[in-house]
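# Descriptive structure summary
As a plain string of letters, each chain reads:
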Amino acid sequence: MDQTQIYVAIRSEIVANHELLHWFTLIVALSLVIGIVVIERLGNTLLSIFLPLLSVSWAASVLRFDFFIHRQAAYLRMLEAQSGSRLWESWKASLNSSALVIPTADLFASAVIVVPTLYIVFGPAQNYFASRNWKGARLYAFSISVILLLLLVSLIFVPKVASY
């Protein structure tokens, strides 16, 4: 297998990881919306405890997908440097607009998951805890919120970590 074939195979893998990331995000967003409708109709339900865990799982998978994508891209940059060609990775890195557009788009895409999750943990989940006389409702809400936000904020560091 020559370097061009390796390059194309890795680019295909990156695209597949992007697609999986977007599909998983769509599935989780739809699950949250459907879950909120069910919670609002049924009232206190265990769903209000488990849906936020799905959001944390989503954030962890986004972090993981992003790491794999950046690690593969780092390898492609090395292949480009060895070949002396200017291909996708070096061209993409030369664009200044990506530094503004991508984080802004990511913020809106993440909000589709984060906002409903915060609604659930600080609303219906609190009610579920209270209806069962369970302690730790606020701790649960803050723990889920902090873990979710830490996972998403850690995405900032993925490009540097993946390049090591």
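This section reports on the structure supplied with the text. The structure presented is a predicted model; accordingly, all values stated were derived computationally and were not measured.

Scoring rules and cut-offs
- Residues numbered from 1 in each chain as written.
- Predicted model: local features only at pLDDT ≥ 70, side-chain atom pairs only at ≥ 80, totals over all residues.
- Heavy atoms only, no water.
- Helix = DSSP H or I, 4+ residues; strand = E, 2+ residues; numbered from the N terminus.
- 1 Å grid on protein atoms, 1.4 Å probe; cavity = no way out; pocket = protein on both sides within 12 Å on 5 of 7 lines; lining within 4 Å.
- Points joined across faces, edges and corners; volume = space filled by probe spheres on them.
- Core = buried A, V, L, I, M, F, W, Y, C linked by side-chain atoms within 4.5 Å.
- Buried < 20%, exposed > 50% of the residue type's maximum accessible area, 1.4 Å probe, protein only.
- Contact = heavy atoms within 4.5 Å.
- Phe/Tyr/Trp six-rings, centres within 6.5 Å; stacked < 30°, edge-to-face > 60°.
- Axes fitted to C-alpha atoms, helices over the stretch in contact; angles between N-to-C directions.
- Parallel < 35°, antiparallel > 145°, perpendicular 65-115°, else oblique.
- Left-handed = near helix turned anticlockwise from the far one by under 90°.
- Nonpolar A, V, L, I, M, F, W, Y, C, P; charged D, E, K, R; others polar.
- Patch = residues over 30% accessible without salt bridge, like charges linked within 9 Å, V, L, I, M, F, W, Y side chains within 5 Å.
- Areas by Shrake-Rupley, 256 points an atom, 1.4 Å probe, with all protein chains shown as cover.
- Salt bridge = Lys/Arg side-chain N within 4 Å of Asp/Glu carboxyl O.

Moving on: unusual backbone geometry. Notably, asparagine 133 is not glycine yet its phi reads approximately 55°, a positive angle. Mapping asparagine 133 onto the fold places it in the loop between helix H5 (124–131) and helix H6 (137–153).

This part is about the layout of surface pockets. Here the largest pocket defines a volume of roughly 1500 Å³. Taken together, 34 residues form the lining of the largest pocket, with Asp66, His70, Ile102, Pro103 and Asp106 sitting closest to its centre. Mapped by element, the contributors of at least two residues to the lining of the largest pocket are helix H1 (3–42), helix H2 (47–83), helix H3 (88–93), helix H4 (98–122) and H6. Among the elements that make up the lining of the largest pocket, the one with the highest residue count is H4 (11 residues).

Right, let's talk about the nonpolar core for a bit. In terms of nonpolar packing, the biggest core is built from 27 residues, with Trp58 and Tyr140 touching the most fellow members. Elements with a minimum of two residues in this core: H1, H2, H4, H5 and H6. Apart from residues lying up to four places away in sequence, tyrosine 140 is in contact with Ile49, Pro52, Leu53, Val121, Ala125 and Phe129. Counting residues in each nonpolar core, the second largest holds 7 residues, with Ile14, Ile69, Ala73 and Leu76 among its members.

With that settled, consider the packing of aromatic side chains. Applying the stated rule across the entire model yields 5 aromatic pairs. Measuring from ring centre to ring centre gives 6.1 Å for phenylalanine 67 and phenylalanine 68, while their planes differ by 55°; the resulting arrangement is tilted. Phenylalanine 67 gets classed as partly exposed once you look at its relative accessible area, which sits at 26%. Through a chain of ring-to-ring contacts, the aromatic side chains of Tyr128, Phe129, Trp134 and Tyr140 assemble into a single cluster.

As a further point, take the packing of H5 against H6. At a minimum axis distance of 9 Å, the contact between H5 and H6 shows a crossing angle of 150°. If you check the angle between H5 and H6, you find them roughly antiparallel. In the packing of H5 onto H6, the handedness of the crossing is right-handed. Only Ala137, Arg138, Tyr140 and Ala141 of H6 make contact with H5, whose side of the interface consists of Ala125, Gln126 and Phe129. Split by residue class, the contact of H5 with H6 holds 5 nonpolar, 1 polar and 1 charged.

The subject of this paragraph is the environment of leucine 148. With respect to the element layout, leucine 148 can be found in helix H6. The class of leucine 148 is buried, set by a relative accessible area of 1%. Sequence separation of leucine 148 and glutamate 19 is 129 residues, and the distance between their C-alpha atoms is 22 Å. If we skip the residues at most four places from it in the chain, leucine 148 touches Ser55, Val56, Trp58, Ala59, Val114 and Thr117.

So, on to a nonpolar patch on the surface. A cluster of nonpolar side chains, contributed by Trp23, Leu26, Ile27, Leu30, Ile34, Val38 and Leu42, occupies part of the molecular surface with about 710 Å² of accessible area. Among the residues examined, leucine 42 registers a relative accessible area of 61% and is labelled exposed.

Checked against the element boundaries, leucine 87 lands in the loop between H2 and H3. Relative accessible area serves as the criterion here: at 33%, leucine 87 is assigned to the partly exposed category. Measuring from C-alpha to C-alpha, the distance between leucine 87 and leucine 76 comes to 9.0 Å, with 11 residues separating the pair along the chain. If we skip the residues at most four places from it in the chain, leucine 87 touches Tyr7 and Glu80.

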